[in-house]
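# Coordinate analysis (summary)
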Amino acid sequence: MTYMRSTGLFLISAWLGLILLQPVPSQAAGDPTKGKAIYEQRCATCHGPQGKGDGPTGKMLKPPAADFTSTASKKKSEADLRQVIENGKTGTAMVPWKTQISEADIDNVLAYLNTLRK
């Protein structure tokens with residue numbers, strides 16, 4: 001009986017240890033408040049004030065601007081979003097920003113986008 005309890009406690013402890021050691025999903029290292037200011041200045045015209053792809057220019061684009069609140073967008077990783085921000089997206093109006101804003105500003109925009117995607 002003692003052996004079974006010891007074994008059971010060991011297995012539970014090992015299982016909890018594995019759960020606690022799982023990596024936490026990454027969050028942008030930037031400041032969402034700074035990111036919002038950049039977003040409003042450079043992104044909202046296409047993506048809209050709440051990131052729904054309904055900005056004044058975004059509605060006219062073919063394909064339309066991305067809706068960051070959509071299920072499809074929420075499934076994209078932060079690395080995928082960063083790649084599009086940095087390098088643009090072929091076949092769309094999305095231009096590369098890596099030569100126009102700093103890496104810190106990209107981090108800030110990503111942090112703000114995470115608030116829109118919730």
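The model shown is predicted, which means the values in this text are computed figures rather than measured ones.

Take the layout of surface pockets next. For the largest pocket, the calculated volume is near 630 Å³. Around the largest pocket, the lining comprises 30 residues; the ones closest to its centre are His47, Ala66, Phe68, Val84 and Met94. Among the elements that line the lining of the largest pocket, the one with the most residues is helix H5 (residues 78-87), at four residues. Here the residues of the lining of the largest pocket sort into 21 nonpolar, four polar and five charged.

Attention shifts here to the confidence of the model for the protein. A low pLDDT means the predicted coordinates there should not be read in detail. Put simply, the protein has an average pLDDT of 84, and 76% of its residues get 70 or more. Taken as a whole, residues 14-26 scores under 50 in pLDDT and shows one contact with residues more than four places along the chain or in a different chain.

Right, let's talk about helix H6 (residues 103-116) for a bit. Between its first and last C-alpha atoms H6 spans 20 Å; for 14 residues at 1.5 Å apiece the expected length is 20 Å, and the two agree. Of all 14 residues in H6, 10 are buried, a share of seventy percent or more. When H6 is considered as a whole, its buried residues turn out to be Ile106, Asp107, Asn108, Val109, Leu110, Ala111, Tyr112, Leu113, Asn114 and Leu116.

Counted under the stated rule, the structure contains one aromatic pair. Ring geometry for Tyr39 against Tyr112: centres 5.3 Å apart, planes inclined by 55 degrees, an arrangement best described as tilted. On the criterion of sequence distance, the pair formed by Tyr39 in helix H2 (residues 32-42) and Tyr112 in helix H6 is long-range, its members being 73 residues apart. The exposure class assigned to Tyr39 is buried, which follows from its relative accessible area of 1%. Taking relative accessible area as the criterion, Tyr112 reaches 8% and is therefore assigned buried.

Mapped onto the fold, Val109 is located in helix H6. Residues contacting Val109, with those up to four places away along its chain left out, are Gly35, Ile38 and Ile85.

Counted according to the given criterion, the structure contains three salt bridges. The shortest N-O distance in the salt bridge between Lys36 and Glu40 comes to 3.9 Å. Highlighted residues: Lys36 and Glu40, both in helix H2, separated by four residues, approximately one helical turn. Residue class for Glu40 comes out partly exposed when judged on its relative accessible area of 47%. With its nearest N and O atoms 2.3 Å apart, the salt bridge here joins Asp107 to Arg82. Of the two residues, Asp107 sits in helix H6 while Arg82 sits in helix H5, which places them 25 residues apart along the sequence. The exposure class assigned to Asp107 is buried, which follows from its relative accessible area of 17%. Here the salt bridges do not stand alone but share partners, grouping Arg82, Glu86 and Asp107 into one network.

What counts, and at which threshold
Residues numbered from 1 in each chain as written. Predicted model: local features only at pLDDT ≥ 70, side-chain atom pairs only at ≥ 80, totals over all residues. Heavy atoms only, no water. 1 Å grid on protein atoms, 1.4 Å probe; cavity = no way out; pocket = protein on both sides within 12 Å on 5 of 7 lines; lining within 4 Å. Points joined across faces, edges and corners; volume = space filled by probe spheres on them. Helix = DSSP H or I, 4+ residues; strand = E, 2+ residues; numbered from the N terminus. Nonpolar A, V, L, I, M, F, W, Y, C, P; charged D, E, K, R; others polar. pLDDT = per-residue confidence, 0-100. Contact = heavy atoms within 4.5 Å. Expected span 1.5 Å × (residues − 1). Buried < 20%, exposed > 50% of the residue type's maximum accessible area, 1.4 Å probe, protein only. Phe/Tyr/Trp six-rings, centres within 6.5 Å; stacked < 30°, edge-to-face > 60°. Salt bridge = Lys/Arg side-chain N within 4 Å of Asp/Glu carboxyl O.

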